[in-house]
Amino acid sequence: MQVIAPAGTARGAPAIAAAAPTGRFGLERILLGLGVALLLLLVGYPLLWLLLGALGLPQSIGLEHLARAFTRPQNYAALVNTLELALGTGLMSVAIGVPLAWATARSDMPLRQLVHVLVALSYITPPYLTALAYIILFGPDAGQFNRLLRALFGLTSGPINVFSMSGVIFVIGIHVFAFTYFLTYTALKAVDASLEESAQMLGAKRWQTVLRINLPLVAPAITGGTLLSAIDSLALFGPQAIIGTPAQIVFLPTRIYATIGSYPPRWGEASALSLLLVALTVAGLALQRGYLEQRSYVTVGGRGVRTRRLEHGLWRWPLTGFCLSVVFFSAVAPIGVLTLTAFSNSWIEPLSASNITLAHFQAALFTDQVSVRGIINSFKLATAAAAVAVALGAIVAYLDLRTTLWGRRLLDYLAILPLGLPGTVMAVGILLAFIRFPLPIYGTIWILLAAYVARFVPLATRSANASFRQIDPALEEAGRITGASWWLTMRRVLFPLARPGLLVAFLLVFIPAFSELSATILLYAGGTETIAIAIYRLNDLGQLEVVSALAVFTIGVVLSLALLVNWLSGSSWASGETPIRG
Amino acid sequence: MDFIEVAGIGKTFGTFQALDAVDLSVEEREFITLLGPSGCGKTTMLRTLAGFLTPDAGTIHVAGQLFSSPTAVLPPERRRMGMVFQNYAVWPHMSVFDNVAFGLQINNVGRSAISERVSRMLAAVGLEGLERRHPSQLSGGQQQRVALARSLVVEPAILLLDEPLSNLDAKLRERMRAELKTLQRQLGITFIYVTHDQAEAMALSDRIIVFNKGRVQQVGTPRQVYERPANLFVADFMGVVNKLPGVLIEHRGAEGHVRIGQQTIAARLGDGLSAADRAIVIAIRPEAIGLGPGAARDRANVLKGRLIDSAFLGNIVDHQVDVDGTLVRVQGDRLQSVEPGAEIELSIPIAECVAMRGDLPEHHEPEQDRS
C-alpha cells in the first residue's frame, strides 16, 4: 500500500495512507464470514438433510417415506394423539392462565406476588422433572396422593392414574399454561386505566367494562398465548415419553424416537414425521403471529401506562384459593415431592427422622458413574454451547444492525428459525447431517454441542440483538474516527458496552442447554450422557430417589441461574429499557 | 487543488438519492457549514467525508490524496479527522480522562505525554477537574465538551461536526457557538459543520453550502447566501422572505420592471433568471421594507397596501400588509405604530427586491424524508 505524507497537515503528524480498495479481506470480513459459515453448517445444513432424508436420500430418492409416514397406523395414531394433546393443553392453559393473569395483574387479591413468582418457577422447571414428580404423586399404586386419597375415602385402588392421556395433558398443561399467563398478564398491564375510565364515564358498569373494553383488548394476547402453549406441548418429548410411553400412548416426538431407535433405524420415516411435526408447529406459529400482530393497539400506551387494581370484595377469597391451588400443582407439589423423595431412604415410606438420608445426593453427585458423567458433560456442553451461540448470535446481530450487507435479513431469519422447531426435529436433522462424510461426529460429544448451538442460537441472537440495538452506533463510529481499527473498536467500545447483555444471552442459552432432553436422547452415546439422560435412564431403572436427588440438583442450578438473569436484567444496561448513548 | 476536493459525489439508499453529483471544495483552516433541511443530504455528505459511507459515484481528495471513490475507501481511522456527533457519543463506560485519552493511547503516545495533552485539552474546553467523572455524571453541554476534547486531542487536520449543538438548550447553544468559533480560530483546524439551523450557520461559518434534495444549491459567505440567494429555496431557507408573484415586463441589464397586481416596481434580476422567464416571484426580506414613503434611503420602490394586523414582539413589530391581495410581512420599528385598516405605503430599496424563478429547482422527488 502506498504511504505518502499528505500535504497541508502540519504538526509532523503521522502520514495518511491513500485509500485502499474496499473489497479487501480484513479481519472484519474473515470473522463475520466464519460466523455465517458456522451458522449455515449448524442450522441450514441439518435442515436441508431433513428434507433430503424425507425423500429417501442418500439410499434412494422417492416419496415412499412421506407416503408411509402418513399411512402407517402407528403414525396416524401418533398424529391424532399429538393433536389431542395440543388441544387439551391449549384449553387448559386458557382455563387456568387467564384467571391467574387477571388475579395478579388487575385484582387486589392477596399473595399475588407469590403466585406470579411460582408461575415463573413452574415455567423454568424442566417439564420432564415435573412428569417424574407426578409419577411419584399420582402413580396408580404407590403414588403419594393416591395413597392419601385411598386412606381418606376408604378406596381399595386408584383412584387416579397419571399414565393416561389426561395425565399427559395435565402434566404438560401445568407447564405450558405459563405462556398464556405471561402474555395475558403483560397485555392486561398495558391497558391504560383511562380506557376503562372513559367507558365508566359513559355509564358502563364494571362487568360491562371488563367485557367490552378489557377482554377485546387482551383477546389477541390470550389467543396468541394459547397457541404458543399448544405448540410448545407438541414438542415436549420428556413428559410425553416418561408418562405416555408406559401408558402406551405415542405422540409424534416419541414416535420419531422409536422410528430412529428401531433396527434398522428408519431414518426416512423419521425425517418425514419430523416434517409433519414442523408443519404443525409452523402452522401454529403463523396463526399465533397473526394474532399477536393485532396486539399493537394494546401497547399504544407504551411507557407510563397507569393501571388500576380493581377491588374484588369477598370474591378475593375464592380467587386466591383457585390461584394457590394452580401454583400448588404446577410448582409447589412437584418440586416439594422431588425434594422429599431425594432426602428419603425410601420414597414409599412416610417422612420421619429415621427416613432422612443424604445417600441419594451422594450417589447422584459422586458415586453413580452415569450421573456424575452426566453432570460433568452437561456443565461442559452448556458452557461451550452458550459461548458458541453467543458468538454466533453476536455476529448475526452485528451484521443485521451495523452493516448493509445483502442477505443479512435472511441470516437473521435462519438464526431465529430453530426457535420454532421441536428439539426432536432438530436432532433428526443434525443426526442425518453429521453421521456421514464430511463431518462424521455422530457418537461423539461434538454432535451434542452442534445440536445445542443449533437449538438455542435463537435465544442468543435475540438477546445480542436487543443488546446491540441499545448501543448507539455513533459510539463505535467515534472510536473509528478517533483512530481505532475495527477490531480495536469492537474490543474497547462495543464489547464492554454489550457485556451485560451478552452475559444474559450466555445464561439464556446455558439454562436450557444444561437440562436439554429431547434432542440429546436421539444423539447421545455411551460416555456422552448428560444430566437429562442420567435422569431418564435412572428413572427407567426405577431408582426414583437418586433421580429425585439429581432433579433437585438440576432445578437448583437452573433456578439460581434464572435468578441471576433476572438480577442482571434488572440492572440498567441489560434491561433493554435504557438506550446506551454518550 | 484545494485542501478538500469533493467531485461528483453521488449516493443512493435503495431508491432514495441522498447525494446527486455534489462538488465542493474546502480550503485549509476554513469553517464551512453544510446547511439544509432534514433529508437534504448534508449528513450523508459528512459521513461520506468521514469514510463511514462508500460513495456510488465521484471522488474525495484530501491534500491531494484519494480518500474515497466507489472502489476505494480509506477507513475512517486512517483519515486523521475528528468527528463530533449530534448525541455526543461519549463512551459511557469510560471516565472523562479515558474518553479523551483513547485516541492517544491507541497511537502509543507515552503515558506522561498523554496525561499532559489530555489536561491541556480539557482545560481548553473548560473541563478541568472533571477527569475522573463518568459521562452519566455530566450535563449535556459537558458531554459535548468531552466529545470535542476527545476529537481534538489527536490534532486532526479536519474536524467534522454533525449538528453538535442541536441537543442543547437555547442559551447553552449560543454560548457553545461562540466557544466553537474561538476554538476553531485558535487551533487552525478545518471545521466542516452540519446543521439545519440557518442562524447557527450564519453565526459560525466562513462559507455556507446550502443543500436541498441531495444537491448543492448555493455556496457562499453568510452574507452572500442571505442577500443574494441563488434561488427561491435558498431565499426561503435562510430566513423569512415575502414572495410576491409578478410578471416581468421588461429588463435592462441587472434590473427589470415587474408588475405586481395593479402596481409596477423595479427589481434586481436574480441569478439563473433567463430572458424567457415572464412569470416570476419577487423575494423581499421583511426587514428590508420600510413603513411610509420616505422610509428608504436608496432608490426605492413604493407599494401601496392596507395594514391588516400588527404583532408586538418586543424588539420588533411584525406587520401584516395586504398588497393587492398578497399578504406581505413587514418587520417594523417598535416605536412606530399604525392602526389596523389604515392605507399605507411601503418603501423597498430596489436592490432588496429580487426577481426569481417561481419554481423551485426540481431534480428528483425523494420518496421519504431521511437524513
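Bear in mind the structure is a predicted one, so any value in this text is a computation, not a measurement.

Reading the values: the criteria
Residues numbered from 1 in each chain as written. Chains lettered and ligands numbered in written order. Predicted model: local features only at pLDDT ≥ 70, side-chain atom pairs only at ≥ 80, totals over all residues. Helix = DSSP H or I, 4+ residues; strand = E, 2+ residues; numbered from the N terminus. Buried ≥ 20, exposed ≤ 12 C-beta atoms within 10 Å, placed from the backbone. Contact = placed C-beta atoms within 7 Å. Rg over C-alpha atoms; globule rule 2.2 N^0.38 Å. Pairing = 2+ DSSP bridges. pLDDT = per-residue confidence, 0-100. Axes fitted to C-alpha atoms, helices over the stretch in contact; angles between N-to-C directions. Core = buried A, V, L, I, M, F, W, Y, C linked by C-beta atoms within 7 Å. Parallel < 35°, antiparallel > 145°, perpendicular 65-115°, else oblique. Left-handed = near helix turned anticlockwise from the far one by under 90°. Nonpolar A, V, L, I, M, F, W, Y, C, P; charged D, E, K, R; others polar. Domains from an automatic or database assignment.

(A) Expanded view of the overall build of chain B. From N to C terminus, chain B includes eight helices and 21 strands. Here chain B, with 371 residues, has 45% of them falling under the buried criterion. Put simply, 67% of the contacts in chain B that link residues at least 6 apart link residues at least 24 apart.

(B) Looking closely at the overall build of chain A. For chain A, the helix and strand inventory stands at 23 helices and zero strands. Taken over the C-alpha trace, chain A has a radius of gyration of 27 Å; the compact-globule value for 582 residues is 25 Å, and the two agree within 12%. On the principal axes, the C-alpha backbone points of chain A span a range of 100 × 70 × 55 Å. Evaluated residue by residue, chain A yields a buried proportion of 49% over its 582 residues.

(C) Structural view of the sheet that holds strand β20 (residues 343-349) of chain B. Strand order in this open sheet of five strands is β16-β20-β17-β18-β19 (chain B), and the pairing throughout is antiparallel. Every other strand in the sheet has two partners, leaving β16 (290-291) and β19 (326-332) of chain B as the edge strands with one partner each.

(D) Spotlight on unusual backbone geometry. Cis geometry is adopted by the peptide bond preceding A:P264, which originates at A:Y263 and carries an omega value of -5°. Of note, A:P264 is situated in the loop between α11 (252-261) and α12 (267-293). Cis geometry marks the peptide bond from A:F437 to A:P438; its omega dihedral reads 10°. With respect to the element layout, A:P438 can be found in the loop between α17 (423-434) and α18 (445-469). Its identity is not glycine, yet A:Q248 carries a phi of approximately 60°, on the positive side. With respect to the helices and strands, the residue A:Q248 is situated in the loop between α10 (237-244) and α11. Backbone geometry at B:R29 places phi at a positive 65°, although glycine is not the residue there. Turning to its location among the elements, B:R29 is positioned in the loop between β2 (16-26) and β3 (31-35). For B:R29, a count of 16 C-beta atoms within 10 Å corresponds to the partly exposed category.

(E) Local environment of the confidence of the model for chain A. All names here are of chain A. The pLDDT averaged across chain A works out to 85; a share of 91% of its residues lies at or above 70. Scored below 50 in pLDDT, residues 1-17 makes 33 contacts in the model with residues more than four places away or belonging to other chains. Of the regions scoring below 50 in pLDDT, residues 571-579 engages in 16 contacts with residues more than four places distant in sequence or in other chains.

(F) Just helix α19 (residues 473-481) of chain A, in detail. Within α19(A), eight of the nine residues are buried, leaving the element largely enclosed by the surrounding structure. Every buried residue belonging to α19(A) is among A:A474, A:L475, A:E476, A:E477, A:A478, A:G479, A:R480 and A:I481, and all of these are buried. Looking at the buried residues of α19(A), the elements they touch are α20 (486-514) of chain A together with α1 (42-50) and β7 (81-84) of chain B. Directly beyond the C-terminal end of α19(A), a positive phi value near 115° is found at A:G483.

(G) Here's a closer look at the sheet that holds β3(B). All names here are of chain B. Here six strands make up an open sheet; going across it, the order is β7-β8-β9-β3-β10-β11 and the pairing mixed. Both edges of this open sheet fall to β7 and β11 (215-220), since each of them pairs with a single strand only. Neighbour-to-neighbour, the strand axes of this sheet turn through a mean angle of 15°, independent of strand direction. Most of the contacts of helix α4 (residues 140-152) go to β7, to which it runs at about 175°, and overall it touches β7 and β8 (158-162).

(H) Seen up close, the pairing of strand β4 (residues 57-62) of chain B. All names here are of chain B. Relative to β4, strand β1 (residues 4-13) is paired through five bridges, and the arrangement is antiparallel. Bridge pairing in β4 places E5 opposite H61. As defined by bridge partners, β4 adjoins strand β5 (residues 65-69) across three bridges and the pair is classed as antiparallel. Considered in β5, the bridge of V62 is made with Q65. Counting the residues between successive antiparallel strands, the hairpin from β4 to β5 contains two residues, one of them, A63, with a positive phi of roughly 50°.

(I) Spatial organisation of the confidence of the model for chain B. With 95% of its residues at a pLDDT of at least 70, chain B reaches an overall mean of 89. Of the regions scoring below 50 in pLDDT, residues 362-371 of chain B engages in 18 contacts with residues more than four places distant in sequence or in other chains.

(J) Quick peek at the nonpolar core. Of all hydrophobic cores here, the largest spans 284 residues; its most connected members are A:A385, A:V453 and A:V509. In this structure A:V509 touches A:A385, A:A386, A:A389, A:V390, A:F456, A:L459 and A:A460, once residues within four positions along its chain are discounted.

(K) Up close: the packing of helix α3 (residues 73-106) of chain A against helix α13 (residues 316-343) of chain A. Residue and element names in this part refer to chain A. Running from N to C, α3 and α13 point in directions that differ by 125°, and their axes come no closer than 10 Å. Looking at the two axes, α3 sits oblique to α13. With respect to the hand of their crossing, α3 and α13 are arranged in left-handed fashion. Facing I96, P99, L100 and A103 of α3, the residues of α13 in contact are L319, F322, C323 and V326. Here the residues of the contact of α3 with α13 sort into eight nonpolar, no polar and no charged.

(L) Region of interest: the domain arrangement of chain B. Here chain B is partitioned into domain 1 (4-232) and domain 2 (241-357). Computed over C-alpha atoms, the centres of domain 1 of chain B and domain 2 of chain B are 39 Å apart.

(M) The arrangement of helix α22 (residues 531-540) of chain A in detail. Residues and elements named next belong to chain A. Counting buried residues along α22, eight of its 10 residues qualify, which places the element largely inside the surrounding structure. For α22, every residue scored as buried is listed here: I531, A532, I533, A534, I535, Y536, L538 and N539. Positive phi appears at G542, one or two residues downstream of α22, with a value of about 80°.

(N) Spotlight on the packing of helix α4 (residues 112-124) of chain A against α13(A). Residue and element names in this part refer to chain A. Close contact between α4 and α13 brings their axes to 9 Å; oriented N to C, the two are set at 30°. Comparing their axes, α13 and α4 come out roughly parallel. In this structure, α4 meets α13 at a crossing whose hand is left-handed. Contact with α4, carried on its side by V115, L118, V119, L121 and S122, involves C323, V327, S330, A331 and V332 of α13 and no other residues of that element. Partitioning the contact of α4 with α13 into residue classes produces eight nonpolar, two polar and no charged.

(O) Seen up close, the environment of A:A77. Residue and element names in this part refer to chain A. Looking at the secondary structure, you find A77 in helix α3. Since 14 C-beta atoms lie within 10 Å of it, A77 is described here as partly exposed. In this structure the C-alpha to C-alpha distance between A77 and V388, which are 311 residues apart in sequence, comes to 39 Å.

(P) Geometry of the environment of A:I249. Residue and element names in this part refer to chain A. The residue I249 is located in the loop between α10 and α11 in this model. Accessibility expressed as a C-beta count within 10 Å gives 20 for I249, which makes it buried. For the pair I249 and F163, spaced 86 residues apart in sequence, the C-alpha to C-alpha distance is 8.8 Å. Apart from residues no more than four positions distant in its own chain, I249 is found in contact with N81, M165, V168 and G244.

(Q) Geometry of the pairing of strand β21 (residues 354-357) of chain B. Residues and elements named next belong to chain B. Alignment of strand β14 (residues 263-269) against β21, held across two bridges, turns out to be parallel. By the bridge assignment for β21, L269 is matched with A355. Summarising the sheet, strand β15 (residues 279-284) and β21 pair through four bridges and their orientation is antiparallel. Each residue of the ladder has a partner; that of I282, found in β21, is A355.

(R) Examining the environment of B:H196 more closely. Residues and elements named next belong to chain B. Its place among the elements puts H196 in the loop between β9 (190-195) and α6 (198-204). Since 20 C-beta atoms lie within 10 Å of it, H196 is described here as buried. Here the alpha-carbon distance between H196 and S38, two residues 158 residues apart in the chain, equals 7.0 Å.

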